[in-house]
Amino acid sequence: MVQSINNQVDLTMPATWQRGVPCYGKIMIGNKGFEFYNEKNIQDYIQIPWEEVTYVVAAVHFKGKYIPRFEIRTRKNGNFIFSVKEPHRCLKAMTKYLPADHLRRALSYWQKVKLRLLGHE
């Protein structure tokens, strides 16, 4: 059985981990870190301490009314993309443990095209 790294849990909700093939499970946001547990395979889980998180990048559409996914970027272990039904609640729970400058908005489609045309990528 997997032991949680959190002492206190602020939010638990169903989520999807986007990694080629989507994995369905639950996320837990607590005082020590972000956790994802797969609902079918108990050995398939992620535990990310808050000290390891560099940025949380959210894909924001329609002036913040629709957030389809967010990405957690870590120092050593790479990037993890998640989707939840209530992303505003999820990101609000993360702001309690992360500084405001660690939460970012993803580039829009036109910003990506502009960067590619100017040769900055």
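Data block above holds the structure.
Okay, so let's go over this structure. On a predicted model such as this, the values are computed, not experimentally measured, just so you know.

The rules behind each value
- Residues numbered from 1 in each chain as written.
- Predicted model: local features only at pLDDT ≥ 70, side-chain atom pairs only at ≥ 80, totals over all residues.
- Heavy atoms only, no water.
- Helix = DSSP H or I, 4+ residues; strand = E, 2+ residues; numbered from the N terminus.
- Rg over C-alpha atoms; globule rule 2.2 N^0.38 Å.
- Buried < 20%, exposed > 50% of the residue type's maximum accessible area, 1.4 Å probe, protein only.
- Pairing = 2+ DSSP bridges.
- Salt bridge = Lys/Arg side-chain N within 4 Å of Asp/Glu carboxyl O.

A look at the overall build of the protein chain
Inference 1: Check the secondary structure of the protein chain and you find 2 helices and 8 strands.
Inference 2: Listed by position from the N terminus, the elements making up the protein chain come as β-β-β-β-β-β-β-α-β-α.
Inference 3: Relative to the compact-globule value of 14 Å for 121 residues, the protein chain shows a C-alpha radius of gyration of 15 Å, a close match.
Inference 4: Taken along the three principal axes of its C-alpha coordinates, the protein chain extends 50 × 30 × 30 Å.

Considering helix 2 (residues 109-118)
Inference 1: Of all 10 residues making up helix 2, only 0 are buried, and the element is barely covered by its neighbours.
Inference 2: At the C-terminal side of helix 2, G119 shows a positive phi close to 80°.

Focus on the pairing of strand 5 (residues 53-58)
On a regular strand, one side chain projects to one face of the sheet and the next to the other, so that they alternate.
Inference 1: Counted residue by residue, strand 5 has 5 buried out of 6 residues, so it is predominantly covered.
Inference 2: In the sheet, strand 5 pairs with strand 6 (residues 70-74) via 5 bridges, with the strands oriented antiparallel. Pairing of A58 across the sheet is with F70, part of strand 6.
Inference 3: The sheet contact formed by strand 5 and strand 8 (residues 103-105) spans 3 bridges and is parallel. Among the inter-strand pairings, V56 is bridged to a residue of strand 8, identified as L103.

Structural notes on the pairing of strand 1 (residues 9-18)
Inference 1: Judged from the 8 bridges that link them, strand 1 and strand 2 (residues 23-30) form a sheet pairing that is antiparallel. Each residue of the ladder has a partner; that of V9, found in strand 2, is G30.
Inference 2: Between the antiparallel neighbours strand 1 and strand 2 lie 4 residues, among them G20 with a positive phi of about 85°.
Inference 3: Both strand 1 and strand 7 (residues 79-84) contribute to a ladder of 4 bridges, which runs antiparallel. By the bridge assignment, A15 is partnered in strand 7 with V84.

Focus on the pattern of salt bridges
Inference 1: Counted by the stated rule, this structure contains 4 salt bridges.
Inference 2: Among the ionic pairs, D10 bridges to K96, the shortest N-O distance being 3.6 Å. Taken together, the residues D10 in strand 1 and K96 in the loop between helix 1 (87-94) and strand 8 connect sequence positions 86 residues apart.
Inference 3: The exposure class assigned to D10 is partly exposed, which follows from its relative accessible area of 31%.
Inference 4: Here R89 and E86 are joined by a salt bridge, their closest N and O atoms 3.1 Å apart.
Inference 5: Taking the relative accessible area as the measure of exposure, E86 reaches 38% and is therefore partly exposed.

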